[in-house]
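A closer look at the structure
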Amino acid sequence: MLEPALLPTPLVDCTDEAFARAGVELRLKRDDLLHPSVPGNKWRKLAPNLAAAVERGHTRLLTFGGAYSTHLRAVAAAAGALGLESVGLVRGEELADRPRNWSLRAAEAAGMRLEFLTRSAYREATGRAGLDRGTDDGLQRRWGPCLVLPEGGSNALAAVGAAAIPAELPDLGARDVVCCPVGTGGTLAGIAAGLPPGARALGVAVLRGGEGYLEAEVTRLHRAAYGRGFDNWRIDHAHHGGGYGRVPAELAAFAERFERRHGVPLERRYVAKLLAALADLAGAGAFPPGTRLTAVVTGLPDPE
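About the cut-offs
Residues numbered from 1 in each chain as written. Predicted model: local features only at pLDDT ≥ 70, side-chain atom pairs only at ≥ 80, totals over all residues. Heavy atoms only, no water. Helix = DSSP H or I, 4+ residues; strand = E, 2+ residues; numbered from the N terminus. Expected span 1.5 Å × (residues − 1). Buried < 20%, exposed > 50% of the residue type's maximum accessible area, 1.4 Å probe, protein only. Arc of directions from axis to C-beta. Contact = heavy atoms within 4.5 Å. Pairing = 2+ DSSP bridges. Axes fitted to C-alpha atoms, helices over the stretch in contact; angles between N-to-C directions. Salt bridge = Lys/Arg side-chain N within 4 Å of Asp/Glu carboxyl O. Parallel < 35°, antiparallel > 145°, perpendicular 65-115°, else oblique. 1 Å grid on protein atoms, 1.4 Å probe; cavity = no way out; pocket = protein on both sides within 12 Å on 5 of 7 lines; lining within 4 Å. Points joined across faces, edges and corners; volume = space filled by probe spheres on them. Nonpolar A, V, L, I, M, F, W, Y, C, P; charged D, E, K, R; others polar.

1. Thoughts on helix H11 (residues 249-262)
Between its first and last C-alpha atoms H11 spans 20 Å; for 14 residues at 1.5 Å apiece the expected length is 20 Å, and the two agree. If you check which residues of H11 are buried, you get Leu251, Ala252, Phe254, Ala255 and Phe258. Down the axis, H11 shows its buried residues gathered within 160° of arc, on one side only. What points out from H11, more than 90 degrees from its buried face, is the exposed set Ala249, Glu250 and Arg260. On its buried face, H11 is in contact with strand E2 (25-29) and helix H12 (268-283). Downstream of H11 by a residue or two, glycine 263 has a phi angle that is positive, lying close to 70°.

Now the structure itself:
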């Protein structure tokens, strides 16, 4: 049985010199504490999809991810707890004969069957799964009847799940910017859709070269989930740290300083990039004095 989530997640004021000098408030939405095995935005995005899977009578979930995918581990844990089978299609056929890293071991330990694809086959499969319909005849012929979840779990149901985040933030108004890292766009799409009038959403891209593509994905998710677009959000593309999964020394040093000051452990590939971007933007005067930033801490650090 899947353990209950901690909802609403804690909202913590975070007094920090870098932001105070700019006249900007910072607070942390601690979604990293949401669930022990399906933390952060993974729960937000998976919960409505899991409910749909059970309602539709599915017994197997199929999804996608890289060698260290948090999404794969979360799907494996959630599916196993609900008595569902899970299949994870992993980018990189060369990984099949190598010893499993800690992340893939965790997915397999939770019951996920891993299949390793060439990068071209992976791109083809994820492209078919990105149509937000939850099924694909080709995938089902090969891996059996299943509910297909896209890479990162971002589909229309996921966006609706993430839209609950603003509802847990009191007194949002014109001075508020709710911020999150962006990998596939589902969390940002949900936050923007759930905001009251006047408040805005800011996403920080964690992958290089996503200009235009990520904006199109968020717009697609809005139309799939809500039948319309929203104009209260934007994506910053200048703080990806060199690309997906990369953690340059400067970013690591920022994360260590932040952890020492505030006692909050930071996941490096997403959350640290978000907070470093916000500190840099605040220092550059990108936010008017009096702005209140709410940074959504979307996940846990990798184990040591």
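Once the structure has been displayed, the description carries forward.
2. Description of the sheet that holds strand E7 (residues 176-182)
The strand order E1-E2-E10-E7-E8-E9 describes an open sheet built from six strands, whose pairing is mixed. Each edge of the open sheet is held by one strand with a lone partner, namely strand E1 (11-13) and strand E9 (233-236). With direction set aside, neighbouring strand axes in the sheet form an average angle of 25°. Bridging between E1 and E2 involves three bridges; their strand directions are antiparallel.

3. As for the pattern of salt bridges
A full pass over the atoms with the stated rule returns 18 salt bridges. Between arginine 60 and glutamate 85 there is a salt bridge, with the nearest N and O atoms lying 2.9 Å from each other. With a gap of 25 residues between them, arginine 60 in strand E3 (residues 60-65) and glutamate 85 in strand E4 (residues 85-91) connect regions that are remote in the sequence. The exposure class of arginine 60 is buried, given its relative accessible area of 17%. The exposure class assigned to glutamate 85 is partly exposed, which follows from its relative accessible area of 42%. A salt bridge links arginine 113 to glutamate 115; the nearest nitrogen and oxygen atoms lie 2.9 Å apart. Residue classification places arginine 113 among the partly exposed positions, given a relative accessible area of 40%. If you follow the salt bridges from partner to partner, you end up with Lys29, Asp31, Arg44 and Glu168 in one network.

4. Description of the packing of H11 against H12
Orientation of H11 relative to H12, taken along the N-to-C sense of each, is 85°, at an axis distance of 10 Å. Overall, the two elements H11 and H12 adopt an arrangement that is roughly perpendicular. Residues Leu251, Ala252, Phe254, Ala255, Glu256, Phe258 and Glu259 of H11 pack against Arg268, Ala272, Lys273, Leu275, Ala276 and Ala279 of H12.

5. Considering the sheet that holds E4
With respect to topology, four strands assemble into an open sheet ordered E5-E4-E3-E6, the strand pairing being parallel. With partners counted over all chains shown, the strands left at the sheet margins are strand E5 (112-117) and strand E6 (147-148), one partner each. Here E3 pairs with E4 via six bridges, running parallel. Counted as the bridge partner of threonine 63 is glycine 88 from E4. Along the sheet, helix H4 (residues 102-109) contacts E4 and E5; its crossing angle with E5, the most-contacted strand, is approximately 135°.

6. A few points about the layout of surface pockets
What the largest pocket holds in volume is close to 1,200 Å³. Counting residues per element, the ones that place at least two in the lining of the largest pocket are helix H2 (40-55), E3, helix H3 (70-81), helix H5 (119-129), E7, helix H9 (186-194), helix H10 (213-226) and H12. The element contributing the most residues to the lining of the largest pocket is H3, with four residues. Among the residues making up the lining of the largest pocket, the classes are represented as 20 nonpolar, 18 polar and 10 charged.

7. Comments concerning the environment of glycine 210
Position of glycine 210 relative to the elements: it lies in the loop between strand E8 (200-205) and H10. When the C-alpha positions of glycine 210 and leucine 293 are compared, they lie 23 Å apart, and in sequence the two are 83 residues distant. Those residues in contact with glycine 210, other than ones at most four positions away along the chain, are Glu215 and His237.

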